[in-house]
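Analysis of the macromolecular model
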Amino acid sequence: MENEIRCYANISAEAFNTEKKVTDTATDQLDVEVAVLKIFKKFEKEASIDPDLPLLNRRVHSKQLKIWLKTLPKGYECLDASRPWLVYWILHSLWILDDMPDSETLSDAVQFLTHCQHEDGGYGGGPGQHPHLGTTYAAINSLAIIGTDEAYDSIDRSSLQKFLWTLRDVDGSFALHKGGEQDIRGAYCAISVAKMTNTYTDLLFDKTAEWIVGCQTYEGGFAGCHGMEAHGGYAFCGIASLALLNRAQLCDVEALLRWCANRQMRLEGGFQGRTNKLVDGCYSFWQGAAFPIISAILSQDRKELIETVLFNQGALQEYIIVCCQASEGGLVDKPGKARDIYHTCYTLSGLSIAQHGTGAGDPFVVGSPRNELNRVHPLHNVAPHLVYNAVHYFIRHPPPVKDKN
Amino acid sequence: MFLKVVLLACVASVCQAGGLLAPAYGYGAWNPYNNYPAQPAIASQHSNILRSPFNLGQISTYSKAIDTPFSSVRKSDVRVSNPGVAIGGFAPAYHGLAAPLAPAYHGVAAPLVSHVGVSPYGAPVAKVATGGLLGVAYSAAPAVSHMTYTNGLGLAYACEFVDNDVAWVPYKQRPEWIDVTPVPENDGPKPVVVIAHSEKFEDVYGYFRAVLKSNEKSERALQLTKDAVELNPANYTVWQYRRDILKALGTDLQPELEYVESVITHSPKNYQVWHHRRVLVEWLQDPSEELDLTADALILDPKNYHAWQHRQWAIKTFGLYEHEMDFVDNLINLDVRNNSAWNQRYFVMNNHLGWSDMNIQKEICYTMEKIKFVKNNESAWNYLRGLLLHDKRGLSGNCVVTGFCEELYKNQCRSPFLLAFILDICDEAIKKEEIGVFHNPTRGVSLCEDLATKYDKIRSKYWNYVCEKFRKARDELAAKEDPEKVERTI
């Protein structure tokens, strides 16, 4: 009932009210609403004669992703320092679509990531580049998705742990690379990687939870660093980190919940990243994944299970499937934007979250039953069983050196 | 509102800018057309945005190339250099010069920075197109509009290709690099995600990998990092190595500040460039330019997260709070829905002015005025809730605030943010056991129901969840007290 599909009349009734005070924020919002409504209107016409709609074009996306996994056009030169990210986004998208590449290709990916691994520990943006926490996170997640012994064994965990130590500051925060910027992404990537590879120690993350809590703003979300504005990507990093550290009770969960709930756009159905900003498909994951985490935390506190996620799952699915699919494959931020691999990964991840919620109970799938995607783990954004497999492999095979600072 | 257009085409800074992206010394390119009259044509135009999280790769850029037989303008920036004027549009200043030989690598003419004055009091910056170079209509819109989108983890990036530089001489053909053997990328035998690099990219990065490997810290290596950064400003390894070289050579950092400013102007949403700037300012211990630099970036995009973060860092580190509230006031006056500006307001209060009783009252009054102006503005409501965290009377104990809310409600305002606020007042009153005529569990239940079914339907699940606690409180109250009395308080 609460997730029921909205008809066009109900959607258009939610249009932005400028109150006759037109500012830049209002103009930008109105532009997006016009574009989105046009698509929803066209969709309603089509859907009235085709009960299979809305339909996720799985095959088209898969096909494009597999091409991208091999070669990328020149336009991706600007991601030349993010190649493990590209591997992760593509493999994870394919996993969600349940269409993984063959084992030979996966083995090639392991070999490639090994070339990105730095002798000082961690992974760089490409072979020979300095190790970076973002690309290290992407590489570890990719290897967990591949999930073979070859993949697991390719990780040099003792140097990885040393690398994490070099990025840690005395206040518990983490820099993204040596000499690099320091923000909540650093903390999240370090924690996620350390937990996944069993290189985690309490000492390595001493005071980190307290530092992260300092990023929670008066709005309820988390910022990239102390004092800044609450932001969807950073909010995910914040709450996922605290949950991984088992310290979520340190933050104001109800305030976070209110802030996250308010990020869902009343007309578009997708999420915005900050208050009074525009909808963007990638926040389907960053904001969306915060909900199952919050439900889990509230369940702990109340000692009764909250089995649902407190956002409109149907509206988010509609936005993604109706407004965010590029016809030639891949997904987009919002109508009129060009597709890219990053948005493909995070809109699909968000769609999976919208379908599966907390994972308890039956999935709620909008449109064709064929739209149902594989599940993702909301803390790592890797399939739940693949997280489990990796974690347990690394527990069975402890790293040769344990926490030598 | 009056508009006054002033284009400050800073030819002087153009000359400087030539050194920004183009090396100072030239491999003269022969121009076979040097006797022809100038016929400008837009050769290429790009505003291509890709994004990634965390990324390393976020550059939102816009480029346009204009070629005449005598000149070639490869880049144009919209830059804001003085307050007091409004406009959009930019005027490349370098044109029509009959230069038989081009002095730089990057296109025949040096890249160009044109400064455009934009008024903080003026109309929206991005939406005006003005006539441009030699009758070619330039619209500033693409240059600015891409900046209005931020993203994901703040990681939007865009790629820009300026690959039609006729005068580019590959490193492998430069005599002064003859002693260096380029190092190809070691992708392994069967790589994945192989990017189809341009020849120029391969060339530059081949030499970059070589100097990185040999740990060469020299003037030429410093120049090389500039070329590498231009091809991919998100390559943090290049930036880091550039800093290592600067340090090793003891280079004068003032030109470096100007250089990174130009890169920021071009890629204002990139982590690496802002971080580089920050490190330089730390080294120099001189934050004198930072407020202007970030103000310029924020006039173009008032919600640019990187610019705000850099600004906050400079203010906090060097105690530059003095005029910050004026800056914030101005931005809120321009766009009352600018949440970044509200956040900055909180930042100044929290770190500088402090939450004295008087300041709290002042801020309450200010915020109420803004809410009266636009009632559906979540930014202002969030700020009101935020500042009341510091009021010892809380949300429910301040009759100015509660009276204000009830007045709005009485006047038929049904902004979901108002209803949610009253709901929070009810919640606090229940917790404090100060239940009254307006603020009690029963009203809480009915507000939740109104929100879930009428005024904020998209969040019905959330409001139904919130409703549970009010129902519970209502039932507990009913059990404790005379049921008739409970009825009367509704």
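Definitions and limits used
Residues numbered from 1 in each chain as written. Chains lettered and ligands numbered in written order. Predicted model: local features only at pLDDT ≥ 70, side-chain atom pairs only at ≥ 80, totals over all residues. Heavy atoms only, no water. Helix = DSSP H or I, 4+ residues; strand = E, 2+ residues; numbered from the N terminus. Buried < 20%, exposed > 50% of the residue type's maximum accessible area, 1.4 Å probe, protein only. Contact = heavy atoms within 4.5 Å. Areas by Shrake-Rupley, 256 points an atom, 1.4 Å probe, with all protein chains shown as cover. Rg over C-alpha atoms; globule rule 2.2 N^0.38 Å. Lys, Arg positive; Asp, Glu negative; His and termini not counted. Charge placed at Lys NZ, Arg CZ, Asp CG, Glu CD. Buried area = accessible area lost by both parts, 1.4 Å probe. Salt bridge = Lys/Arg side-chain N within 4 Å of Asp/Glu carboxyl O. Nonpolar A, V, L, I, M, F, W, Y, C, P; charged D, E, K, R; others polar. Axes fitted to C-alpha atoms, helices over the stretch in contact; angles between N-to-C directions. Polar contact = N/O pair within 3.5 Å; in protein donor to acceptor, adjacent residues only side chain to side chain. Phe/Tyr/Trp six-rings, centres within 6.5 Å; stacked < 30°, edge-to-face > 60°. Expected span 1.5 Å × (residues − 1). Arc of directions from axis to C-beta.

1. What about the overall build of chain B?
- The helix and strand inventory of chain B stands at 18 helices and 13 strands.
- Taking all 490 residues of chain B together, 60% fall into the buried category.
- A sequence separation of at least 24 residues applies to 74% of the contacts in chain B between residues at least 6 apart.
- Summed over all atoms, the accessible surface of chain B reaches about 19,300 Å², with 56% contributed by carbon and sulfur.

2. Considerations on the overall build of chain A
- On a plain count of helices and strands, chain A comes out with 17 helices and one strand.
- At 21 Å, chain A has a C-alpha radius of gyration in line with the 22 Å of a compact globule built from 405 residues.
- Projected onto its principal axes, the C-alpha coordinates of chain A cover approximately 60 × 45 × 40 Å.
- Burial analysis of chain A (405 residues in total) assigns 67% to the buried set.
- Taking all contacts inside chain A whose residues are at least 6 apart in sequence as the whole, residues at least 24 apart take part in 70%.
- For chain A, the exposed surface amounts to about 13,500 Å²; the carbon and sulfur share of it is 52%.
- In chain A, the 37 positive side-chain charges and the 48 negative ones have mean positions that sit 1 Å from each other.

3. Section: the interface of chain A and chain B
- Taken together, the contact between chain A and chain B spans 112 residues of the former and 94 residues of the latter.
- A buried area of about 8,800 Å², summed over both sides, lies between chain A and chain B, and 52% of it is on carbon and sulfur atoms.
- Summed over the three residues of chain A that lose the most area to chain B, namely A:Glu77, A:Tyr218 and A:Met228, the buried surface amounts to 10% of that side.
- In this structure, A:Arg263 and B:Glu378 form a salt bridge, with 2.7 Å as the shortest nitrogen-oxygen distance.
- Each residue belonging to the side of chain A that touches chain B can be placed in one class, and the counts come to 43 nonpolar, 36 polar and 33 charged.

4. Remarks on the pattern of salt bridges
- Evaluation of the coordinates by the stated rule reveals 40 salt bridges over all chains.
- Residues B:Asp187 and A:Arg83 are paired through a salt bridge, measuring 3.0 Å at the closest nitrogen-oxygen approach. One end of the pair, B:Asp187, is in the loop between strand 12 (156-159) and strand 13 (194-195); the other, A:Arg83, is in helix 4 (residues 83-96), on a second chain. Per residue, the accessibility class of B:Asp187 equals that of A:Arg83, and both read buried.
- As a salt-bridge pair, B:Arg474 and B:Asp475 come within 3.9 Å of each other at their nearest N and O atoms.
- A residue is classified by how much of its surface remains accessible, and B:Asp475, at 47% relative accessible area, is partly exposed.

5. What to know about the packing of helix 9 (residues 184-197) of chain A against helix 17 (residues 384-396) of chain A
Residue and element names in this part refer to chain A.
- It is the contact of helix 9 with helix 17, at a shortest axis distance of 7 Å, that shows an interaxial angle of 65°. Listed contacts from helix 17 to Lys195, Met196 and Thr197 of helix 9 are Val387, Ala390, Val391 and Phe394.
- Partitioning the contact of helix 9 with helix 17 into residue classes produces five nonpolar, one polar and one charged.

6. Some remarks on the side chain of A:Gln64
All names here are of chain A.
- By the element assignment, Gln64 lies in helix 3 (residues 58-70).
- Within the structure, the side chain of Gln64 is placed 3.3 Å from the side chain of Arg339, a separation counted as a polar contact.
- Leave out the neighbours within four places in its chain, and Gln64 touches Glu328, Gly329 and Arg339.

7. What about the packing of aromatic side chains?
- Taken as a whole, this structure holds 42 aromatic pairs over all chains when the rule is applied.
- Ring geometry for A:Trp85 against A:Trp89: centres 5.5 Å apart, planes inclined by 25°, an arrangement best described as stacked. Of this pair, A:Trp85 and A:Trp89 both sit in helix 4, separated by four residues, roughly a single helical turn. A:Trp89 shares its class with A:Trp85; the two are buried.
- Here B:Trp381 and B:Phe421 contribute two aromatic rings whose centre-to-centre distance is 5.4 Å and whose plane-to-plane angle is 50°, an arrangement assigned as tilted. Of the two residues, B:Trp381 is situated in helix 13 (residues 378-388) and B:Phe421 in helix 15 (residues 416-431); the sequence distance between them amounts to 40 residues.
- The class of B:Trp381 is buried, set by a relative accessible area of 1%.

8. Remarks on the side chain of B:Arg337
- Counting through the fold element by element, B:Arg337 comes out in the loop between helix 10 (324-334) and helix 11 (339-353).
- Buried and unpaired, B:Arg337 has B:Asp335 as its nearest opposite-charge partner, separated by 5.0 Å.
- A polar contact of 2.7 Å, which involves the side chain of B:Arg337, links it to the backbone oxygen of A:Lys21.

9. Re helix 17 of chain A
Residue and element names in this part refer to chain A.
- Between its first and last C-alpha, helix 17 extends 18 Å over 13 residues, near the 18 Å set by a 1.5 Å rise per residue.
- Within helix 17, the full set of buried residues consists of Leu386, Val387, Ala390, Val391, Tyr393 and Phe394. Down the axis, helix 17 shows its buried residues gathered within 160° of arc, on one side only. Every exposed residue of helix 17 that faces more than 90 degrees away from the buried side is listed here: Tyr388 and Arg396.
- Summarising the contacts, the buried residues of helix 17 are in contact with helix 4, helix 6 (133-146), helix 7 (149-153), helix 8 (157-167) and helix 9.

10. Here's the deal with the environment of A:Gly224
- Structurally, A:Gly224 is set in the loop between helix 10 (208-213) and helix 11 (232-244).
- Sequence spacing of A:Gly224 and A:Leu86 is 138 residues, and the spatial spacing of their C-alpha atoms is 23 Å.
- Once you skip the residues sitting within four places of it in the chain, A:Gly224 turns out to touch A:Asp183, A:Ile184, A:Trp211, A:Cys215, A:Tyr234 and B:Tyr305.

Just distances and angles here, no functional claims.
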